[in-house]
Amino acid sequence: MLQFLVDALLRTADLALITLGLSMLYGLIKFPNIAHVQYAMCGAFLAYAINSTGVPLVVALVLASLLTGLLTLVIQLLVFDRLLKSGPAIAMIGSLAVSMILVAAVLGMAGSFPRMFSVPYAEPLVIAGARLSKTQLWFVLTTLALLAVFVVLLFHTQVGRAMRALACNPALADASGLNATRITNGVTFISGMLAGLGGSMLALSTGAHVNLGYDLLLPVFAAAILGGLGNPIGAVAGALLIALTETVVTNINFGPLFGEALVFLPVSYISAASFLILLLALLFKPYGLFDREVRRV
Amino acid sequence: MYDFLIFTVTIAGIYAIMALGLNVLAGYSGLLNFGHIAFAGIGVYATGIAHARGWPVLVGIPLGMLAAMLLGWAMARLGRRLATDYWAIATLAVAEILRTVALNEAELTGGANGITGIPSLFESVPGPWNQVYFTTLVLGLVAVAAFLSVRLGDGRFGRALRLMREQPALAACMGYNLQTLKSHALMCGGAITALAGSLYAHYFNFAGTEFMLAAETFVLWTMVMIGGIGRTSGVLLGVIVVQMVYAFVPFLRDMLGFGSDVAGSLRLGMIGVILLCCLLWRREGLLPEKLRNPA
Amino acid sequence: MKKRNFLKLCAGTLLVSGIASAAWAQETISVGAVLPLTGPSATVGEDIRRGIELGVEKVNANGGVLGKKLNVIIEDSGNNPTSAISAARKLATVDRVPAVMGEYSSSITLPMAQYLVKENVVHVNIGSSSNKVRELGPTAFNIIGLEENGNRFAAQDVYEMGYRNLALIAPNNAYGQGVAHGFKEEFEKLGGKVSAQVLYTGGQSTYRRELQQLARANPDAFLYTAYGHESAAINREAKELGLRNVPWYAYIMSMSVSDTPAEIAEGQIGMELGSVKGDLGKAYEDAFKAKHNEGFKTAFNGYGYDGVLLLAAAIEKGKGATPEAIAAGLKAVSEEGFTGVTGPIKLDEEGQRIDPPYDRLKYEGGGLVQR
């Protein structure tokens, strides 16, 4: 029983950091950046590259996330700021192009074969019958810690208040003297960092591979929308909901219905289930389950 | 070499029909459908399933088009209250759901293996001629689709779509039912694309799910955006540009001797760069939409 | 203006490469091969390529075929059927080869081979084991063991080791479905039971959920088969979930552990398509090690080597490099008796290898050894 919860938590951790970054940024610049998940992929490869030159793992992770944040900011300034002037639709298509270019660049430089980090193998921890590896435990703890930091940042500091004001009403915020550009750039950088960190920590378990971004695209967007854009707790809650659905439904034994010992739903249907939840959410609760903040659907 | 050219031209033709289908909803109507490949997938599998079930295989074509129209109508209803970008993500989700179903329902779709042995359209004709006939058919259909597209664009429906795209409030004031317009646009574009999907199945004699990845929709979008959104000749130009890049890279690879990964990366990268450049500097595409002069 | 120059460049390239290849074609006879050089089976693809390369060297060292040099044009299948069919199309229509070897995964080999047979090109299967390979057609030949044989061998092996209740995981494609279905049948004939079975979809980053489902069956042993990188993930996660206390049996071992780190693969048992045998096999193995400074990564490279040598012999025997001559030549060579590095190769009336070899292996000290 506990193993299911642990698995759900692990899956949440996979998604949470990237969703958090996306949610905060989407709330501010108001267009869905499809390339966001590719930033995660870039972060994973950067971490791998830095780590393989001998730099200790934790330092490599930090460096990779900083570099990813920088990459995000640069792309935002050079490409998306210009495209946004023509509207969110063009920006979205532009993010598509950026996504392709990033994947192509990584594919050309690193090849299509997944790169595994050389993490020394350690016996998994056993907590009350549930098992998880040390790497995964760190991942979950880091995610929780960062979430706590963000909640504090957004709700208890000046900077956070400024960010929320900007997301709500840019014109008014600008008029009240908030430096919109600086704040947007800051949020961009942070969201890039989060994506890079999320991607690299995910890659510690699964290896850095070019499809890392595409695989995360729909779950991350589903989680972000479910949680309501611009709402960090919502983002993680959305990720948790998606993860729970995926984990719980795969573990229900339909055997008794069919007269056999064990009958399970094929695992690949689970991603379909998450997307179905997303569609239902968009139909009935398009502002997200928690219905606050960004009011634009 | 001659055969390879025919191959490239035929594939370009099939993609052209799909792109023209996308143009009806994206170009004329401004609908951001990021799951467009689902329509093509429906066409591919309709033909495949018709073959697997032993029905006359040509039944797959109208079946696919009907199913696509149904999906189009459903997608339009989905978009009733959603803003453009949310709807785009929703369409992406719909395409993924369909792909997952196709991947798993082995009895219906052959699951991960797909359906093989789908006959070509001119099986009984010998030698290289069956290829030529098929290519001619495809090119003919491209011409028909292009003609229809131009007529549609210049006609009342097309004008209504453009109005809905530019000034939805005004369109509503003038008495157009926006929901119906969207529905019709999606059904139209979807049916055209499904037809191309069926042709694809006949050409490769195979129906599989690799085709239904989101990446393929992006290729179609690139074709439409590069060429010139909303303008038929622009879309065709976009198809040619993208196909040339696709066809050119393997030759480059043979000449310079680099690996398949780099080749794949070059193809994707070049398309992405071209798309981005177009968006940054020539937003309307290489052949911008012709606006009618009021006089 | 830009378009015109671009078109000129394309035309020029085509012309030059056309002339060059035409000139070159006078001196060489070419056959084709489609291999998974990218994707999760890249390790296997590269291994087979090495076998083919050595085969070509050997043939040319012995004087070539019909007085000309032999050349194998290798294309990447991209690990999906559509690119494989496009690659086969290029080989058949642009390079005009009379025979094509490959691919590796059954769900890719089958549609590709169907296309080749339709185009009257000889197809030689050197990597796939689906029983459907038998039904491909008169110009399709096969030198590797098909599932019907493999399943019987594996079922016997597992049963003899005393396991009665099994959980099985295999890929959700033609190959995996064939193994799952066939093995279950054979195993239950002997009196065992497969109480849980999962067909996993490739390309995922985690297989925890599939493994959780399997674990519920509380089996005596797990039977698994998976492609390179995917099996590495499955092996690792199985260990993390504590499922390794029960033995893991690999079906086609070298494929299933090719990318798994040694400490995780240690102690696994399995069966394998017969690797190299006899003196010929030994000599081949030595040459392989000398050339690449490392041993075989999988058991498949020997079949690539044998494929090349068999085709060369068929061309000589059939006195021609057309598909008809090669097909006739293959039948004649088989009649006469042919010994490759994977043992004696004899084909039945449907062009399938009779009595293909299998090995029992285990993973020890970083490599596969006989049990």
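Computed from a predicted model, the values in this text were never measured in an experiment. (Residues numbered from 1 in each chain as written. Chains lettered and ligands numbered in written order. Predicted model: local features only at pLDDT ≥ 70, side-chain atom pairs only at ≥ 80, totals over all residues. Heavy atoms only, no water.)

Student: I keep staring at the overall build of chain C and nothing clicks. Help me out?
Tutor: Broken down by element type, chain C carries 13 helices and 14 strands. Relative to the compact-globule value of 21 Å for 371 residues, chain C shows a C-alpha radius of gyration of 21 Å, a close match. Looking at chain C residue by residue over its 371 residues, the buried ones come to 61%. Excluding contacts between residues fewer than 6 apart, the proportion of contacts in chain C whose partners are at least 24 apart in sequence is 68%. Of the accessible surface of chain C, which amounts to about 13,700 Å², a share of 52% is contributed by carbon and sulfur atoms. Of the side-chain charges in chain C, 39 are positive and 42 negative, and the distance between the mean point of each set is 5 Å. (Helix = DSSP H or I, 4+ residues; strand = E, 2+ residues; numbered from the N terminus. Rg over C-alpha atoms; globule rule 2.2 N^0.38 Å. Buried < 20%, exposed > 50% of the residue type's maximum accessible area, 1.4 Å probe, protein only. Contact = heavy atoms within 4.5 Å. Areas by Shrake-Rupley, 256 points an atom, 1.4 Å probe, with all protein chains shown as cover. Lys, Arg positive; Asp, Glu negative; His and termini not counted. Charge placed at Lys NZ, Arg CZ, Asp CG, Glu CD.)

Student: Any chance you could explain the packing of helix H10 (residues 232-251) of chain A against helix H12 (residues 268-284) of chain A here in plain terms?
Tutor: What describes two packed helices is the angle between their axes and the distance between those same axes. All names here are of chain A. In the contact formed by H10 and H12, the axes pass within 9 Å of each other and the chain directions differ by 135°. The angle between H10 and H12 falls in the class oblique. At the point where H10 passes H12, the crossing takes the right-handed sense. Only Ile270, Ser274 and Ile277 of H12 make contact with H10, whose side of the interface consists of Ile242, Thr245, Glu246, Val249 and Thr250. Class assignment of the residues belonging to the contact of H10 with H12 gives a composition of four nonpolar, three polar and one charged. (Axes fitted to C-alpha atoms, helices over the stretch in contact; angles between N-to-C directions. Parallel < 35°, antiparallel > 145°, perpendicular 65-115°, else oblique. Left-handed = near helix turned anticlockwise from the far one by under 90°. Nonpolar A, V, L, I, M, F, W, Y, C, P; charged D, E, K, R; others polar.)

Student: Quick question: what am I supposed to make of the environment of C:Ile252 here?
Tutor: All names here are of chain C. Checked against the element boundaries, isoleucine 252 lands in the loop between strand S9 (248-251) and helix H9 (253-257). For isoleucine 252, a relative accessible area of 4% puts it in the buried group. For the pair isoleucine 252 and leucine 361, spaced 109 residues apart in the sequence, the C-alpha separation amounts to 9.6 Å.

Student: Help me understand the side chain of C:Ser130, please; the structure alone is not making it clear to me.
Tutor: All names here are of chain C. Tracing the chain through its elements places serine 130 in the loop between strand S4 (122-125) and strand S5 (140-142). For serine 130, a relative accessible area of 5% puts it in the buried group. Every residue in contact with serine 130, bar those within four places of it in the chain, is listed here: Ser106, Leu110, Leu146 and Glu147.

Student: What is the right way to read the domain arrangement of chain C from this model?
Tutor: Interfaces are frequently sized by the accessible area removed from exposure as the parts join. Residue and element names in this part refer to chain C. Splitting chain C by domain gives domain 1 (30-147 + 277-358) and domain 2 (149-274 + 360-370). Taking only C-alpha atoms into account, the centre of domain 1 sits 27 Å from that of domain 2. A buried area of about 1,800 Å², summed over both sides, lies between domain 1 and domain 2, and 59% of it is on carbon and sulfur atoms. Three residues, Pro40, Glu147 and Tyr358, lead the burial of domain 1 against domain 2; their summed loss comes to 40% of the area buried on that side. Taken together, the links from domain 1 to domain 2 amount to zero salt bridges. Remark: the boundary between domain 1 and domain 2 carries 10 residue pairs in polar contact (both at pLDDT 80 or more). (Domains from an automatic or database assignment. Buried area = accessible area lost by both parts, 1.4 Å probe. Salt bridge = Lys/Arg side-chain N within 4 Å of Asp/Glu carboxyl O. Polar contact = N/O pair within 3.5 Å; in protein donor to acceptor, adjacent residues only side chain to side chain.)

Student: Teacher, can you tell me more about the sheet that holds strand S2 (residues 69-76) of chain C here?
Tutor: Backbone hydrogen bonds hold the strands of a sheet together, and the pairing may be parallel or antiparallel. Residues and elements named next belong to chain C. In spatial order, the strands read S2-S1-S3-S4-S5; together these five strands make up an open sheet with parallel pairing. The open sheet has two edge strands with one neighbour each: S2 and S5. Across this sheet, the average inter-strand angle for adjacent strands is 25°, counted without regard to direction. Strand direction decides the pairing type here: strand S1 (residues 28-35) and strand S3 (residues 99-102), joined by three bridges, are parallel. Directly across from alanine 33, in S3, lies its bridge partner methionine 101. Sheet strands touched by helix H3 (residues 81-94): S1, S2 and S3. Its angle to S1, the strand with the most contacts, is close to 175°. (Pairing = 2+ DSSP bridges.)

Student: What is the right way to read the sheet that holds strand S13 (residues 358-364) of chain C from this model?
Tutor: Residue and element names in this part refer to chain C. With mixed pairing, seven strands are arranged side by side in an open sheet as S7-S6-S8-S9-S10-S13-S14. Only two strands of the sheet have a single partner each, and these edge strands are strand S7 (193-200) and strand S14 (367-370). Across the sheet, the mean angle separating the axes of adjacent strands is 25° when strand polarity is ignored. In the packing of helix H6 (residues 174-190) onto the sheet, the strands contacted are strand S6 (165-171), S7, strand S8 (221-224) and S9, and the crossing angle to S7 comes to about 180°.

Student: Looking at this structure, how should I read the interface of chain A and chain B?
Tutor: Taken residue by residue, the interface counts 46 residues in chain A and 39 residues in chain B. Summed over both sides, the interface between chain A and chain B buries roughly 3,900 Å², with carbon and sulfur atoms accounting for 78% of that surface. If you look at where chain A meets chain B, you find zero salt bridges. Counting across the interface, chain A meets chain B through two residue pairs in polar contact (both at pLDDT 80 or more). For the side of chain A that touches chain B, the elements supplying multiple residues, two or more each, are helix H3 (57-84), helix H4 (88-110), helix H9 (212-227) and H12 of chain A. Here the residues of the side of chain A that touches chain B sort into 36 nonpolar, seven polar and three charged.

Student: What should I look at first to understand the environment of C:Val121 in this one?
Tutor: Residue and element names in this part refer to chain C. Checked against the element boundaries, valine 121 lands in the loop between helix H4 (106-118) and S4. When its relative accessible area of 5% is taken as the criterion, valine 121 is described as buried. As a C-alpha pair, valine 121 and leucine 273 span 152 residues in sequence and 27 Å in three-dimensional space. In this view, valine 121 contacts Ala92, Val97, Pro98, Ala99, Val100, Leu116, Thr139 and Pro323; residues no more than four positions away in its chain are not counted.

Student: So what exactly am I meant to see when it comes to the pattern of salt bridges here?
Tutor: Pairs can form between side chains of opposite charge whenever their charged atoms are close. All names here are of chain C. In total, this model carries 27 salt bridges over all chains according to the counting rule given. Residue lysine 291 is joined to glutamate 57 by a salt bridge in which the shortest nitrogen-to-oxygen separation is 2.4 Å. Note that lysine 291 is positioned in helix H11 (residues 278-292) and glutamate 57 in helix H2 (residues 42-61), a separation of 234 residues in sequence. Taken together, the shared-partner salt bridges connect Glu46, Arg49, Arg50, Glu53, Glu57, Lys291, Glu294 and Lys297 into one network.

Student: Explanation requested: the side chain of C:His123 in the structure shown.
Tutor: Residue placement: C:His123 occurs in strand S4. Aside from chain neighbours lying at most four places away, what touches C:His123 is C:Val100, C:Gly102, C:Thr109, C:Met112, C:Ala113, C:Leu116, C:Leu136, C:Thr139, C:Ala140 and C:Phe141.

Student: Help me out: how do you make sense of the packing of aromatic side chains in this one?
Tutor: How two aromatic rings sit relative to each other is set out by the distance from centre to centre and by the angle between their planes. Taken as a whole and assessed by the stated rule, the structure comprises 22 aromatic pairs over all chains. Consider the rings of B:Phe134 and B:Tyr203, whose centres lie 5.3 Å apart with planes at 5°: the pair is stacked. In this pair, B:Phe134 sits in helix H6 (residues 129-154) while B:Tyr203 sits in helix H9 (residues 178-204), placing the two residues 69 residues apart along the sequence. Assigned by exposure class, B:Phe134 and B:Tyr203 land together as buried. Each ring, one from C:Phe153 and one from C:Tyr358, has its centre 5.3 Å from the other, and the planes form 25°; the classification is stacked. Taken together, the residues C:Phe153 in helix H5 (residues 147-160) and C:Tyr358 in strand S13 connect sequence positions 205 residues apart. C:Tyr358 carries the same exposure label as C:Phe153, and that label is buried. Taken together, the ring pairs connect B:Phe7, B:Phe134, B:Tyr200, B:Tyr203 and B:Phe204 into an aromatic cluster. Positioned above the aromatic ring of B:Phe204 is the side chain of C:Arg89, whose terminal nitrogen or guanidinium carbon lies 5.9 Å from the ring centre. (Phe/Tyr/Trp six-rings, centres within 6.5 Å; stacked < 30°, edge-to-face > 60°. Lys NZ or Arg CZ within 6 Å of the ring centre and 35° of its normal.)

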